[in-house]
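Structure at a glance
Listed below are the residues making up each chain.
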Amino acid sequence: MSRLIEGTYYFPKSSQAVDAQLHVNGDMVSLHYQGQCRNSYHLASLTQHITIAGVPMEVGFADGAKFSAQDPLVRLSSPRNSLESFEQNKSLIIASVVLVPALLWFVMMVLMPRLAQSSVAYLPDIVSQQMGKQAFEIIKRTMLEPSVTEEAQQQQLKRQWQDTLIALDLSPEKYTLHVYGSEFFGPNAFALPDGTVVITDDLITQLDDNSDAALAVLLHEIGHVEHQHSLSMVAQSVSSAVAFAMIFGDIEGIGEILLGTGSTLIQSKFSRNMEREADDYALAKLEQLGKSGDAFAQAMQSFLDLKGKHGDSQLLKYLASHPDTQERIDKAKNYRVKVKQ
Amino acid sequence: MDVTDSNQMEQPSAPQTNSTRTVAVEFSGKGGEFFGIWIVNVLLSIVTLGIYSAWAKVRTNQYFYGNTVIDGHRFAYLATPMQILKGRLLAVALFACYTLVTGLFPIAGMAFVLVMVFLFPWLINQGLRFNLRMSSYRNVRFSFAGTYGEAFMCFIVLPFVGAITLYLAMPWVLSKIDEYIYSNVRYGDKQLKVDIKTGEYYITALIVVALSFVGFGLLAIVMGTMVAGSGALSGEAMILEDFFNGAGLFIVVGYIVLGSLISALYKARIRNHILNNSEFEQLTKFKSNVEVMPFAMLILTNLLAVLFSFGLAFPWTAIRQARFMADATQLEMDANAAAVIDTMEEQKASFGEEAAEIFDVDVSLG
């Protein structure tokens, strides 16, 4: 039983083409053009390129010649379970519409964050030390100015910090406190992965009459360092970017849109969790120092007051990257009660 | 061999003027058909942790190339999945190193960035070379003849010049980049001859700048009246959420519409200019007539469709785009299209091309 396939024959190494037919007879294939049989081949010596729905197959010959079929449905040989049949399988397509978003969510929101977080513990200390040192250099040059807080007040703040560290059994060498002015950060404090802690003039002024509140803010920042949050953030963003590059490497448009919105969503969720962890850390340490969680609540309240008073966008910088402030205040106030139970 | 080109499209179906005839570019891909291919490939890519994405890429390209028909002959994409996979793994490893180093060690990261500056021109060349060599038409491959020196000039030195002249030289820089890319395209033993005029880039840039000023200016005025009208500025309690619900939404929509228009304007004018001034001598000239407004509508509706379908409309938008571009393109072919000689040697891995894509320095041909 023989099959006839109409198409075009392309000569090797040139753009010459001719209308042609393939006669398929069992294992043998013969090539005909211009009314003559030109050659015959073993089926096994031919390669069938491009078997994809809607596109005619191409048959490659050993000498570099090519045959392109006319009918997009015709195939030289069609093995079962080919990729082509997968791609046309209605139930698989419908299942994919459901499975793709679900799996994507699982990979990006569960698998990658977990992988990132657990891998961070295995990184040597030198990584976070270098990371902190280099980040501090850059921040110092671009976003910080010399402090205008009086020397005496700075010294007092630093002494108090030393005492606190010793009381909490934390390393005073690691957690060095620096005071800077900063138009960029406004009233703020931050800690770098190597333990460098920075408090701004504006925050000192804001919490001037309440040193415990300032302490609460600083302990919150230390919480980030102890929990290696910066490293987790980097690991998280790298792993999700790599996962995206692997899955969507070439799919323009969709990859960019998902990467743009998706990764920021993940990051902000990640960072809200981190803030809660850091809050818990600060509250636990205040407790350990025999101080009330109210100090933390007061610090938060002062941010809220300031926002109400000025509506200044600078202040939003602190609030924007942190969870709902009222929620944090309530949590701090209730902290004692919870621990006692 | 007494072979003549006796293809079915060669009969007097197309109008003949002397020895040239105008030939349309046809695109026969279908949204529904490609959706199945795409979604199943994405699923397989996820469950194989990205390994299958190499096969997905090859199949997607085969679908688009195979559905692009000129003069009765289809384009073909020749890369194998293993070539893509090797290249992609290398590129992803480099990308991971890059993000890790710049993320963890900002200062060491700057050194890495410097290395990347020297690597980029090479990556761009490799990407163009691989993509063109893997493309064939009538069993003859395309190729790219650009050198590292030229690429370094075009992609590193000239953009720097553009920046220090306060972008006044930027249209000239862009014309030089396009000239470099297109004049180095080869089809078999034929060189693409392009005659790019820098003036066209300056006119286009002027229109784009003028349109941006007027458009964003109007947007700002309307915004201002809306905010003032709602009284949001009257008190100190200008709440951020209210801002984003009302006027902010307007801004976002206005921005997207204007962005689509500007992008369409630039791309349409430049594509038309380049293709209308390109030819493979004694083979074919090109004609491109992309119209700005329909193209802007296409960009805008595609963007909205992808956004509101959470990405599921992507296959449909890709097919629409390909059909739109094909419809706007014609060729003026010489009679002796059969006389091109393939001069290609084999190309092994696709690292450069994959890296170019992943680092987003991919340069695609219009």
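Because the structure is a prediction, the values reported are computed rather than measured.

Glancing now at the overall build of chain A. Assigned secondary structure in chain A consists of eleven helices and ten strands. Pairs at least 24 apart in sequence give 57% of the contacts found in chain A among residues at least 6 apart.

A few words now on the environment of B:Tyr187. All names here are of chain B. Here tyrosine 187 shows up in strand β7 (residues 185-187). Residue tyrosine 187 is classed as buried on the basis of its 22 C-beta neighbours within 10 Å. Spatially, the C-alpha atom of tyrosine 187 lies 6.1 Å from that of arginine 141, the residues being 46 residues apart in sequence. Excluding anything up to four places from it in sequence, tyrosine 187 contacts Val140, Phe142, Phe280 and Val340.

Residues and elements named next belong to chain A. With mixed pairing, the three strands of this open sheet are ordered in space as β8-β10-β9. Of all the strands in the sheet, the pair left with one neighbour each is β8 (177-180) and β9 (189-191). For this sheet, the mean inter-axis angle between neighbouring strands, taken without regard to orientation, is 20°. In this fold helix α6 (residues 211-226) packs onto β9 and β10 (197-200), with an angle of close to 25° to the strand it touches most, β9.

This part is about the sheet that holds strand β6 (residues 58-60) of chain A. Residue and element names in this part refer to chain A. Taken together, seven strands build an open sheet; the order of strands is β4-β3-β2-β1-β7-β6-β5 and the sheet is antiparallel. Two strands in the sheet have a free side with no partner beyond their single neighbour: β4 (36-42) and β5 (47-49). Adjacent strand axes in the sheet meet at a mean angle of 30° when their direction is disregarded. Strand direction decides the pairing type here: strand β2 (residues 17-25) and strand β3 (residues 28-33), joined by six bridges, are antiparallel. Bridge assignment links leucine 22 to a residue of β3, and that residue is leucine 31.

Attention shifts here to the interface of chain A and chain B. Between chain A and chain B, the contact holds 54 residues from the first and 60 residues from the second. At ten residues, the largest contribution of residues to the side of chain A that touches chain B is made by helix α2 (residues 90-120) of chain A. Within the side of chain A that touches chain B, the residues separate by chemical class into 33 nonpolar, 14 polar and seven charged.

Turning next to the confidence of the model for chain A. Residues and elements named next belong to chain A. The predicted model of chain A averages 79 in pLDDT, with 84% of residues at 70 or higher. Predicted confidence in chain A is weakest over helix α10 (residues 313-320), with a mean pLDDT of 47, and strongest over strand β7 (residues 66-69), with 92. Here residues 251-262 is a poorly scored stretch, pLDDT under 50, and it has 14 contacts once near neighbours within four places are set aside; other chains count. In this model, residues 311-317 is a region of pLDDT below 50 whose contacts with residues beyond four sequence positions or in other chains number 13 contacts.

So, how was this worked out
- Residues numbered from 1 in each chain as written.
- Chains lettered and ligands numbered in written order.
- Predicted model: local features only at pLDDT ≥ 70, side-chain atom pairs only at ≥ 80, totals over all residues.
- Helix = DSSP H or I, 4+ residues; strand = E, 2+ residues; numbered from the N terminus.
- Contact = placed C-beta atoms within 7 Å.
- Buried ≥ 20, exposed ≤ 12 C-beta atoms within 10 Å, placed from the backbone.
- Pairing = 2+ DSSP bridges.
- Axes fitted to C-alpha atoms, helices over the stretch in contact; angles between N-to-C directions.
- Nonpolar A, V, L, I, M, F, W, Y, C, P; charged D, E, K, R; others polar.
- pLDDT = per-residue confidence, 0-100.

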